[in-house]
Amino acid sequence: MLQEISHNQPEEHGGNIYRLAEELHIPERNVTDFSSLVNPLRVSKKIRAELRKNLKYLHNYPDPDAKRVRKRLAQYHGIDMETILCGNGSTGLIYLITRTLQPQRVLLPAPTFSEYERAISVAGNKERRAQVEYILLKREQKFRINPDEYTAVLQKGACSSLPFDMVFLCNPNNPTGMLMKKDAVLQIADAARETKSYLIVDEAYIDFCSDESVIKNIERNPYLIVLRSLSSFYALSGIRIGYGVFPEHLLAGLKEQRVPWDVNSLSQRAAVIALKDKVFRRESLKVIAEEKRFLEKNFRKMGIEFFAPDAHFYLVKMDNADEICRQLRNRGVLAMNCKNFRGLDSSYMRISVKSHKENTMLIKMLALILNRKRATA
């Protein structure tokens, strides 16, 4: 189902422990945040050691080209270093892309990451705002994206007076955690190339299923852009580091529009070490798989409907999810209320996978809240 939308301001995407700590008059460290999508192992020992070692060099400006990071990324992915552009998180690159390319008609899935619409809405002036349309994802299909539907919409749009010139895909999608297989993404990428629509594939959470990445396919498609982030898997949200891989012809324009020194020195050092740390990667995948089994077992036991994700977060459905989020918040626990996501409502919430101790605490709280509700029903 295709739906045109107005330029309403979507909700922020979680993680504001500071506001809740202030509201409850508690220290920030006492807030447990299931709304932010961060590796439960947090920052690795190797990264912490590297950051401590480099504190004495903070009087120097960072490398504006992030050459060391880009060289390491090129080796890591087996791609051309010159196609890589680093940024202040992948979100910073989303805003850079829309500001540079100034799209006129954009296609998005719904629900999806709210920053795409935000970036599109601020990219142009009042007289030149982009027309944004959504393909609504269906609950009965577990909110999975249908590549045939996307392809058909792009091809139909190409025959209109205002064809789509930009398409976003979050893969795995946020807030659903659902993955599109590589072949399906490439099907949409082929349609984007045929219709001359830039396809931005946001792979912020692809580290949990990295074989499905399309990052190596950019050299064969001048309309394909891939974004990646180190915020989630490597728990580097606080120092903001992301990167994009772009067709060569776009790079000059993007560099002209970017903010100088947008990737700080500590971010650059952390990124290099993170990409080398195979032990942390293996341990992360192991722990997250174990905790997903634990959460799913307890969701089933409590009768909570969830959509089994490919990433490290869950979209869950409960009739009173809005109220549950409020009660958890009063206890110093943040979960993502999904009522402002297009295509969802107040019966949905998003929960990230955290440590076993934190997951156990959440399950106990949910059981207590649900049991009280049933007792008063």
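This structure is a prediction, so every number in the text was calculated from the model and none was measured.

Parameters at a glance
- All residue numbers refer to position in the chain's written sequence, counted from 1.
- In keeping with the predicted nature of the model, local features appear solely for residues at pLDDT of at least 70, side-chain atom pairs appear and are counted solely at 80 or more, and the whole-chain, interface and lining totals rest on all residues.
- The basis for the side-chain values is all heavy atoms of the structure; hydrogens and waters are excluded.
- Note on conventions: DSSP H or I runs of at least 4 residues are helices, E runs of at least 2 residues are strands, and numbering of each starts at the N terminus.
- What makes two residues a contact is simply this: any of their non-hydrogen atoms within 4.5 Å.
- Confidence of the prediction at every residue is given by pLDDT, a number between 0 and 100.
- Under the scheme applied here, a residue whose accessible area is under 20% of the maximum for its type counts as buried, over 50% as exposed, and between as partly exposed, the area being computed with a 1.4 Å probe on protein chains only.
- Here, the arc refers to the directions that run from the helix axis to the C-beta atoms.
- Pairing between two strands requires that DSSP report at least two bridges joining them.
- Lines fitted to C-alpha atoms define the axes here, with helix axes fitted over just the stretch in contact, and angles between the N-to-C directions of these axes take values from 0 to 180 degrees.

## Quick notes on the environment of Phe34
Turning to step 1, where the next piece is worked out: Within the secondary structure, Phe34 is located in the loop between strand 2 (32-33) and helix 2 (45-54).
Turning to step 2, where the next piece is worked out: Measuring from C-alpha to C-alpha, the distance between Phe34 and Ile351 comes to 5.3 Å, with 317 residues separating the pair along the chain.
Turning to step 3, where the next piece is worked out: Beyond its immediate sequence surroundings of up to four residues, Phe34 is in contact with Val333, Leu334, Ala335, Arg350, Ile351, Ser352, Lys354, Glu358, Asn359, Met361 and Leu362.

## Re the confidence of the model for the protein chain
Turning to step 1, where the next piece is worked out: Overall, the prediction assigns the protein chain a mean pLDDT of 93, with 95% of residues at 70 or greater.
Turning to step 2, where the next piece is worked out: Segment residues 4-12 is flagged for pLDDT under 50; beyond a separation of four residues in sequence, or across chains, it makes 27 contacts in the model.

## A closer look at helix 2
Note on helix geometry: an α-helix contains 3.6 residues per turn, so any two residues three or four positions apart are oriented the same way.
Turning to step 1, where the next piece is worked out: Of the residues making up helix 2, those classed as buried are Ile47, Glu50, Leu51 and Asn54. In an axial view of helix 2, the angular spread of the buried residues amounts to 100°, which keeps them on one side of the axis. In helix 2, the exposed residues that point more than 90 degrees away from the buried face are Lys45, Arg52 and Lys53.
Turning to step 2, where the next piece is worked out: As for helix 2, its buried residues are in contact with helix 9 (265-276).

## Structural notes on the sheet that holds strand 14 (residues 348-352)
Turning to step 1, where the next piece is worked out: Taken in spatial order, the four strands make up an open sheet running 10-11-14-13, and their pairing is antiparallel. Each edge of the sheet is formed by a strand with only one pairing partner; in this case those strands are strand 10 (305-307) and strand 13 (336-337).
Turning to step 2, where the next piece is worked out: Looking at chain direction, strand 11 (residues 313-317) and strand 14 are connected through five bridges and run antiparallel. Each bridged residue has a counterpart across the sheet, and for Lys317 the counterpart in strand 14 is Tyr348.
Turning to step 3, where the next piece is worked out: Against the sheet, helix 10 (residues 278-302) contacts strand 10, strand 11 and strand 14, and its axis sits at roughly 5° relative to strand 11.

## Remarks on the environment of Glu305
Turning to step 1, where the next piece is worked out: Here Glu305 is to be found in strand 10.
Turning to step 2, where the next piece is worked out: Classification of Glu305 as partly exposed rests on a relative accessible area of 29%.
Turning to step 3, where the next piece is worked out: For the pair formed by Glu305 and Leu169, sequence separation is 136 residues and the distance between their alpha carbons is 25 Å.
Turning to step 4, where the next piece is worked out: Ignoring any residue separated from it by four or fewer positions in sequence, one finds Glu305 in contact with Arg139, Leu315, Val316 and Lys317.

## Topic: the pairing of strand 6 (residues 166-170)
Turning to step 1, where the next piece is worked out: With five of five residues buried, strand 6 is to be regarded as a mostly interior element.
Turning to step 2, where the next piece is worked out: Two strands pair when backbone bridges link them, and strand 4 (residues 105-110) and strand 6 are joined in this way by two bridges, in the parallel orientation. Considered in strand 6, the bridge of Val106 is made with Met166.
Turning to step 3, where the next piece is worked out: One ladder, built from five bridges, connects strand 6 with strand 7 (residues 198-202); its direction is parallel. The partner of Val167 across the bridge, within strand 7, is Leu199.

## Some remarks on helix 3 (residues 67-77)
Turning to step 1, where the next piece is worked out: Buried residues of helix 3: Val69, Arg70, Leu73, Ala74 and His77, and no others. Projected down its long axis, helix 3 carries its buried residues within an arc of 135°, all on one side. Residues of helix 3 that are exposed and angled more than 90 degrees away from the buried face: Arg68 and Gln75.
Turning to step 2, where the next piece is worked out: Those residues of helix 3 that are buried are in contact with strand 3 (84-87), strand 8 (224-229), strand 9 (242-245) and helix 9.
Turning to step 3, where the next piece is worked out: Taken from the residues just after helix 3, Gly78 is the one with a positive phi, measuring 70°.

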